[in-house]
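Examining the three-dimensional arrangement
One-letter residues, chain by chain:
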Amino acid sequence: MSDDFILETRGLTKEFKGFVAVQNMSLKVQRGSIHALIGPNGAGKTTCFNLLTHFLEPTRGQILYNGREITGSNPANIARLGLVRSFQISAVFPHLSVLENVRIALQRKRGASFDFWRALRVLDGLNQQARELINAVGLAEYENTAAVELPYGRKRALEIATTLALDPEMMLLDEPTAGMAHQDVERISALIKKAAHNRTVLMVEHNLSVVEHLSDRITVLQRGEILAEGDYKSVSANPEVIQAYLGSGHG
Amino acid sequence: MPRSQKIALGVMFAFFLAAPLAVYPVFLMKAMCFALFACAFNLLIGFGGLLSFGHAMFLGTAGYATAHAAKVWGFAPEFAILFGTAAAALLGLVTGLLAIRRQGIYFAMITLALAQMIYFYYLQAPFTYGEDGIQAVPRGMLFGVIDLANIWAMYGTVMAVFFAGFLLIYRVIHSPFGQVLKAIRENEQRAISLGYDVTRYKLLAYLLSATLAGLAGATKALVFQLASLTDVHWSMSGEVVLMTLLGGLGTVFGPVVGAFIIITMENYLAQLGAWVTVVQGAIFVICVLTFRRGVVGELGNWLKKPL
Ligand SMILES: Nc1ncnc2c1ncn2[C@@H]1O[C@H](COP(=O)(O)OP(=O)(O)O)[C@@H](O)[C@H]1O
Ligand SMILES: [Mg+2]
């Protein structure tokens, strides 16, 4: 049955100088689902993402992706396997245009770009596809705007378009709606829903209505450990979870 | 190429074509060699975001290799230049593999340390003739027919090398590779998360920069018929930083202008002796405090056009 799980961790642990940020975490993410990772600030959610994509080296434990161990793989390799992450702080290429941002991702799918002797024109063939992705996230009118000039919510949309350009099998989204105005939150969550149509999404999210609306399954982390797991109804009724959220507040 | 850059390129070409009527050609050739050196350096820092503090090792190594090949082995000038450039490329590959994984100031420190080792090697090695340098390097016959002892033949050759190098750098910046390089400079973590092996891209940028810096050094050795310790000294590595910052980091034409200003200053302020360094230092401070984008950077910003 393990084939049903696209991602699995076994006893994943990360210690920072004696401080344990992620402890003995065994997580299973079902293929094709939207899985939410929630928990108070400092619970270890971002660290978990960093471990999964090898931006940080785990102290202990294993990570399996599509049944294959990727624990020691490097971050670029993991991305090429189809496990692509976003960042808690919006990650765009600030002085490239919206079109160029998306094209950088498409360019990678074209193969390694070591061709320093070719004119930029050879990338024009990717523009059509880039525009479709940009339209899909509602950025059509910003095509030639430098990413740095976009309002915050639009930057996140651009980031998702760039991630989607890789057509990843699985997306890791770290607080995709944090710091966003209400209408942006709705746009982004609709976008995630659409993107999840044919892929798996693991997301860290604080906005509980987004979590409720989107996720098939929820894992609650507290001080690096899994506190509870289940669907929204069972998790939100769990007294320990309520205690954790009321006890330390979230944000 | 945007219109503003086409115009600038035309102006630059016309300038180097006409300038020998008013200015010593040797001075102009020196300026072009340093301009190419600075452009190569700018490729690395301005577009790759990597600050090397040891670029003199490529200029100097290519100079020694070219001078030795031309003088001792009797290489024709085109092969002497090729050999010198290849030597710099090889050194670029070796030092690059050692340094490229370091970030920021650590990268600068490692390149500086490597360049110092190279310097002390050349100081001791017999073939460099230590303080004297390799002198009276024959310029030879280019392609067997053009006698480079003729100043105009030499001038034309330097101009051809400079413009070829300049246009190659332009192309690198505006290539699919250059696009990834910019992305890495802008947000390395994101580039990695999109699946780019950023180290390899940086290494290629470093290698190209080293090779083109070598081309400048090789050409310079033939122009002055000399390869000396000056070109491998750490102060030369500092000077190229100065040229690039003064002209405009990350601009296409900035390093050329910066190199020209510095070379002119050294030439006309030569009678001040050690004070040249002080004046240069002062200019550097003024530049950093008042026009951070450098001469060309500020101009481009004012015109709202890329230069
Ligand atoms: N690089 C690091 N070095 C030391 N401590 C870290 C590092 N990264 C995160 N931490 C600590 O690990 C804990 C979990 O952080 P994080 O994963 O960012 O939490 P979350 O994303 O759930 O808010 C925090 O206490 C944080 O201070
Ligand atoms: Mg976090």
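First, a word on what this report is: a plain description of the structure on this page. (Residues numbered from 1 in each chain as written. Chains lettered and ligands numbered in written order. Predicted model: local features only at pLDDT ≥ 70, side-chain atom pairs only at ≥ 80, totals over all residues. Heavy atoms only, no water.)

All names here are of chain A. Tallied over the entire structure, the rule returns 14 salt bridges over all chains. Between Asp 184 and Arg 187 there is a salt bridge, and its shortest N-O distance comes to 2.7 Å. You can see Asp 184 and its partner Arg 187 sitting in helix α6 (residues 182-195), three residues apart, about one turn around the helix. Using a relative accessible area of 15% as the deciding quantity, one classes Asp 184 as buried. Residue classification places Arg 187 among the partly exposed positions, given a relative accessible area of 30%. (Salt bridge = Lys/Arg side-chain N within 4 Å of Asp/Glu carboxyl O. Helix = DSSP H or I, 4+ residues; strand = E, 2+ residues; numbered from the N terminus. Buried < 20%, exposed > 50% of the residue type's maximum accessible area, 1.4 Å probe, protein only.)

Here the focus is the interface of chain B and chain A. Contact residues are listed per partner, giving 25 residues for chain B and 38 residues for chain A. Carbon and sulfur atoms make up 63% of the area that chain B and chain A hide from each other, which totals about 2,700 Å². In this structure, the connection of chain B to chain A is made through one salt bridge. Across the pair Arg 80 of chain A and Asp 197 of chain B runs a salt bridge, and its minimum N-O distance is 3.2 Å. Between the two partners, chain B and chain A, sit 15 residue pairs in polar contact (both at pLDDT 80 or more). Among the elements of the structure, α6 (151-173), α7 (176-186), α8 (188-193) and α9 (198-224) of chain B are those that each provide at least two residues to the side of chain B that touches chain A. When the residues that make up the side of chain B that touches chain A are grouped by side-chain class, the tally is twelve nonpolar, seven polar and six charged. (Contact = heavy atoms within 4.5 Å. Buried area = accessible area lost by both parts, 1.4 Å probe. Polar contact = N/O pair within 3.5 Å; in protein donor to acceptor, adjacent residues only side chain to side chain. Nonpolar A, V, L, I, M, F, W, Y, C, P; charged D, E, K, R; others polar.)

This part covers the site of ligand 1. Residue and element names in this part refer to chain A. Neighbouring ligand 1 are the residues Phe 16, Phe 19, Ala 21, Asn 41, Gly 42, Ala 43, Gly 44, Lys 45, Thr 46 and Thr 47. Here an oxygen atom of ligand 1 and a side-chain polar atom of Asn 41 are 3.4 Å apart. Lys 45 is positioned such that a nitrogen or oxygen atom in its side chain is 2.8 Å from an oxygen atom of ligand 1. Taking 560 Å² as the accessible area of ligand 1 by itself, protein coverage stands at 61%. (Near = heavy atom within 4 Å. Areas by Shrake-Rupley, 256 points an atom, 1.4 Å probe, with all protein chains shown as cover.)

What follows covers the side chain of Ser 113 of chain A. Inspection of the secondary structure puts Ser 113 of chain A in the loop between α3 (98-109) and α4 (127-136). There is a polar contact of 3.0 Å between the side chain of Ser 113 of chain A and the side chain of Gln 107 of chain A. In contact with Ser 113 of chain A, not counting residues within four places along its chain, are Gln 107 of chain A together with Pro 176, Phe 177, Val 180 and Tyr 201 of chain B.

Residue and element names in this part refer to chain A. Of the protein atoms, only Thr 46 (OG1) and Gln 88 (OE1) coordinate the magnesium ion (ligand 2), at distances of 2.0 to 2.3 Å. Separated by 42 residues along the polypeptide, Thr 46 in helix α1 (residues 45-52) and Gln 88 in the loop between β7 (83-85) and α3 bring together distant segments of the chain. You can call Thr 46 partly exposed: its relative accessible area is 26%. (Donors = N, O, S within 2.8 Å, 3.2 Å for Na, K, Ca; no water.)

Moving on to the packing of aromatic side chains. Enumeration according to the criterion identifies 28 aromatic pairs over all chains in this entry. Residues Phe 75 of chain B and Phe 83 of chain B carry aromatic rings whose centres are separated by 5.8 Å and whose planes lie at 65 degrees to one another, so their mutual orientation is edge-to-face. Ring plane angle 80 degrees and centroid distance 5.3 Å describe the contact between Tyr 119 of chain B and Phe 120 of chain B, whose orientation is recorded as edge-to-face. Looking at Tyr 119 of chain B, the relative accessible area reads 13%, which means it is buried. Assessed through its relative accessible area of 45%, Phe 120 of chain B is described here as partly exposed. When the ring centre of Phe 55 of chain A is taken as reference, the NZ or CZ atom of Arg 85 of chain A above it lies at 4.8 Å. (Phe/Tyr/Trp six-rings, centres within 6.5 Å; stacked < 30°, edge-to-face > 60°. Lys NZ or Arg CZ within 6 Å of the ring centre and 35° of its normal.)

Moving on to helix α2 (residues 25-48) of chain B. All names here are of chain B. With 24 residues, α2 extends 33 Å from end C-alpha to end C-alpha; this agrees with the ideal 34 Å at 1.5 Å per step. At Asn 42, α2 shows its largest bend, some 35 degrees. Following α2 by one or two positions, Gly 49 has its phi on the positive side, about 70 degrees. (Expected span 1.5 Å × (residues − 1). Bend = angle between axes of the 7 residues up to and from the residue.)

A few words now on the side chain of Glu 205 of chain A. Residue and element names in this part refer to chain A. Looking at the element boundaries, Glu 205 is found in the loop between β9 (200-204) and α7 (208-214). At 8.0 Å, Arg 156 is the nearest oppositely charged side chain to Glu 205, a buried residue that forms no salt bridge. Here Thr 177 takes part through its side chain, which lies 2.6 Å from a polar atom of the side chain of Glu 205. A distance of 3.0 Å separates a polar side-chain atom of Glu 205 from the backbone nitrogen of Asn 207. (Lys, Arg positive; Asp, Glu negative; His and termini not counted.)

Moving on: the nonpolar core. What tends to happen in soluble globular proteins is that the nonpolar side chains get buried as a cluster. Core analysis: the largest hydrophobic core is formed by 145 residues, its most contacted members being Val 102 of chain A together with Met 12, Phe 16, Phe 162, Phe 166 and Phe 177 of chain B. Residue contributions to this core peak at 17 residues, all from α2 of chain B. When residues no more than four places from it in sequence are discounted, the contact partners of Met 12 of chain B are Phe 162, Phe 163, Phe 166, Phe 253 and Val 256 of chain B. Val 29, Leu 51, Ile 63 and Tyr 65 of chain A belong to the second-largest nonpolar core, a separate cluster that totals 23 residues. (Core = buried A, V, L, I, M, F, W, Y, C linked by side-chain atoms within 4.5 Å.)

Taking 1.5 Å of rise per residue, the 23 residues of α6 of chain B would be expected to cover 33 Å, and the 33 Å separating its terminal C-alpha atoms lies within 8% of that figure. The N-cap residue of α6 of chain B is Asn 150 of chain B: its side-chain oxygen and the backbone nitrogen of Trp 152 of chain B are 2.7 Å apart.

Glancing now at the pairing of strand β11 (residues 225-230) of chain A. Residues and elements named next belong to chain A. Here strand β10 (residues 217-222) runs beside β11; their pairing, made up of five bridges, is antiparallel. Across the sheet, Ile 218 pairs through a bridge with Gly 230, a residue of β11. Between the antiparallel neighbours β10 and β11 lie two residues, among them Arg 223 with a positive phi of about 45 degrees. (Pairing = 2+ DSSP bridges.)

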